[in-house]
Amino acid sequence: LVQGRELAHSSRRAAAHESRHNMLLLTCFAVHLEPRLATRAHAAPLFDPLGLEQVQPTAQAHHQLVPAGGAMVAALAAARPEAALAKGGEYGIFEGRIVSLAHPAVMAMMYAATAWAAFTGYQWRQLREIGNQITELKDRKKKHESQLKVLADGEAEAAPPALTAELASLTSQIDELTTTRKELASSDLRAKHYQVGSVILGLGTAFAIEGPVNTFLRAQKLFPGPHLYAGAGVVVCWAMAASLVPLMSKGKDAARTAHIAFNVLALGLFTWQLPTGWDITLKVIKFTKFP
């Protein structure tokens, strides 16, 4: 008996739900059919034995529903909160955090590369100067050996202790410098210095320009200040140092000196930029979101 009552109650609920659904469909159909019925009330009757005219209201209703659905989707999209991009997302991912942090990330690597280039450049210069030092020491050694030979030909009882000690010292210095030169020569310093310099000149210059461009995309303006001016100075120093390489390859000492001076200045400006660059990076993280 209880089961029978439950089945009856479920049947009544299903019937009520179906009735409400049918009423809703009839209401929608009446809303879309009303304009056409009003139009046909004033129009002449058409010859339509197959009932094709009755199908058109459904098609017309479908075409009316599509713009309505599009308007609803647009309204929902407009109701969504806008992404937290500095200029409203006009440039998409180029205003996001990933592209905005590319400049500080790459420039940090360029700072390390600049320090490594300075180290390899110093060692390469040391390797080039060691040869001159060894040559000078060998000339002095030959003079002392000549003096000892003269003393030996004069049948001197013994060579002066000072001359002998200096000759031994020169021999020790020559051996030490020769060992150092072999170690430096085996490191292929010239190729390493050239490769890291090429990376700095290409990648460093590209992302030094990318930083201000990204700032302009996000804020529609630049912020002239110490960081921007120092960065421009670093790029100029890189370009000037690279322009001296052809003269350096011809053995011009003045070009080598100027090359070193420009790179030292670039490293100094780069180091001075670090605090301001860190502050700007924190602001970028604060006012941007992924991606």
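Residues numbered from 1 in each chain as written. Predicted model: local features only at pLDDT ≥ 70, side-chain atom pairs only at ≥ 80, totals over all residues. Heavy atoms only, no water.

### Some thoughts on the packing of helix 7 (residues 226-243) against helix 9 (residues 253-287)
Point 1. It is at 8 Å that the axes of helix 7 and helix 9 come closest, and there the two elements cross at 155°. The orientation of helix 7 relative to helix 9 falls into the category roughly antiparallel. Where helix 7 crosses over helix 9, the two elements pack in a sense that is left-handed. Taking contact as the criterion, the partners of Pro226, His227, Ala230, Gly231, Gly233, Val234, Cys237, Trp238, Met240 and Ala241 in helix 7 are, on helix 9, His259, Phe262, Asn263, Leu265, Ala266, Leu269, Phe270, Trp272, Gln273, Thr276, Gly277 and Ile280. (Axes fitted to C-alpha atoms, helices over the stretch in contact; angles between N-to-C directions. Helix = DSSP H or I, 4+ residues; strand = E, 2+ residues; numbered from the N terminus. Parallel < 35°, antiparallel > 145°, perpendicular 65-115°, else oblique. Left-handed = near helix turned anticlockwise from the far one by under 90°. Contact = heavy atoms within 4.5 Å.)

### Concerning the confidence of the model for the chain
Point 1. Model confidence for the chain is summarised by a mean pLDDT of 76, while 66% of its residues fall at 70 or above.
Point 2. Confidence, read as mean pLDDT per element, is least for helix 2 (residues 56-79) in the chain (44) and greatest for helix 7 (94).
Point 3. Per-residue pLDDT stays below 50 along residues 37-53; that stretch engages in five contacts with residues further than four places along the chain or on separate chains.
Point 4. In the model, residues 55-86 has pLDDT below 50 throughout and makes 16 contacts with residues more than four positions away in sequence or in other chains. (pLDDT = per-residue confidence, 0-100.)

### Brief notes about the nonpolar core
Point 1. Of all hydrophobic cores here, the largest spans 13 residues; its most connected members are Met107, Met110, Ile200, Trp238 and Phe270.
Point 2. When residues of this core are assigned to their parent elements, the largest contribution, five residues, is made by helix 4 (residues 102-153).
Point 3. The contact partners of methionine 107, leaving out residues within four places of it in the chain, are Gly204, Phe207, Ala208, Trp238 and Phe270.
Point 4. By size, the runner-up hydrophobic cluster in this structure holds nine residues, among which are Leu127, Ile134, Leu184 and Leu189. (Core = buried A, V, L, I, M, F, W, Y, C linked by side-chain atoms within 4.5 Å. Buried < 20%, exposed > 50% of the residue type's maximum accessible area, 1.4 Å probe, protein only.)

### Looking at the environment of tryptophan 238
Point 1. You can see tryptophan 238 is positioned in helix 7.
Point 2. Classification of tryptophan 238 by relative accessible area gives buried; the value is 5%.
Point 3. Counting along the chain gives 21 residues from tryptophan 238 to histidine 259, while the straight-line C-alpha distance between them is 9.2 Å.
Point 4. Once you skip the residues sitting within four places of it in the chain, tryptophan 238 turns out to touch Met107, Thr114, Ile200, Leu201, Gly204, Thr205, Ala266 and Phe270.

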